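Spelled out, the chains give:
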Amino acid sequence: QVQLVESGGGLVQAGESLRLSCTASGRTFSSYMGWFRQAPGKEREFVAAIGWSGRSTNYADSVKGRFTISRDNAKDTVYLEMNSLKPEDTAVYYCAADPRGLYYHSHVYRYWGQGTQVTVST
């Protein structure tokens, strides 16, 4: 059974940092993995994605320069380092794997984690 398990969410103040982790089990994903987020009342949106080697990374404009995506293939884990957090970053963050299309489209990903809550207070 394939599972993606996120961890690392929490409540922080604006300007602080968090690191999210997503560990895969049941298979190894040798393609892009992504992070998405969904705030209350809003659609799920692309945050970042990373290719298998880690050399290819892509970010939403809203997080560029503040967030860094990375992966450790030996551990089947992808990370999202979030710095200079803002209240508008508050959302449930989801890890996704095995896209069958453009990496920034949520509907192309076959596997999803359960999500981890990130709350940024003023």
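Residues numbered from 1 in each chain as written. Predicted model: local features only at pLDDT ≥ 70, side-chain atom pairs only at ≥ 80, totals over all residues. Heavy atoms only, no water.

Trainee: Just checking my understanding: could you explain the state of the cysteines for this structure?
Mentor: When the sulfur atoms of two cysteines share a covalent bond, that bond is a disulfide. Per the stated rule, a full pass over the model turns up one disulfide. The residue that forms a disulfide with C22 is C95, at a sulfur-sulfur distance of 2.1 Å. Negative torsions about the S-S bond denote left-handed disulfides, and the value of about -75° found for C22 with C95 makes this one left-handed. A residue pair is termed long-range when its members are at least 10 positions apart, and C22 in strand 3 (residues 18–25) and C95 in strand 9 (residues 91–99) qualify at 73 residues. For the pair C22 and C95, one class covers both residues: buried. (Disulfide = S-S within 2.5 Å. Helix = DSSP H or I, 4+ residues; strand = E, 2+ residues; numbered from the N terminus. Buried < 20%, exposed > 50% of the residue type's maximum accessible area, 1.4 Å probe, protein only.)

Trainee: What should I look at first to understand the pairing of strand 5 (residues 45–50) in this one?
Mentor: Look at any regular strand and the pattern is simple: side chains alternate between the two faces of the sheet. In terms of burial, strand 5 is a largely internal element, five of the six residues being buried. Here strand 4 (residues 33–38) pairs with strand 5 via five bridges, running antiparallel. Across the sheet, the residue bridging to F36 is F46, located in strand 5. In this structure, the hairpin formed by strand 4 and strand 5 is closed by a connection of six residues, where G41 is found at a positive phi of approximately 75°. (Pairing = 2+ DSSP bridges.)

Trainee: Explain the side chain of D89 to me, please; I cannot follow it from the model alone.
Mentor: Within the secondary structure layout, D89 lies in the loop between strand 8 (77–82) and strand 9. When its relative accessible area of 0% is taken as the criterion, D89 is described as buried. A polar atom in the side chain of D89 sits 2.9 Å from the side chain of R37. Setting aside residues up to four positions removed in sequence, D89 forms contacts with R37, R66, F67, S84, V118 and V120. (Polar contact = N/O pair within 3.5 Å; in protein donor to acceptor, adjacent residues only side chain to side chain. Contact = heavy atoms within 4.5 Å.)

Trainee: How do you make sense of the sheet that holds strand 1 (residues 3–7) when you look at a structure like this?
Mentor: Within a sheet, each strand pairs with its neighbour through backbone hydrogen bonds, oriented either parallel or antiparallel. Taken together, four strands build an open sheet; the order of strands is 1-3-8-7 and the sheet is antiparallel. Only two strands of the sheet have a single partner each, and these edge strands are strand 1 and strand 7 (67–72). The average undirected angle you get between the axes of adjacent strands in this sheet is 15°. Alignment of strand 1 against strand 3, held across five bridges, turns out to be antiparallel. Pairing of V5 across the sheet is with T23, part of strand 3. (Axes fitted to C-alpha atoms, helices over the stretch in contact; angles between N-to-C directions.)

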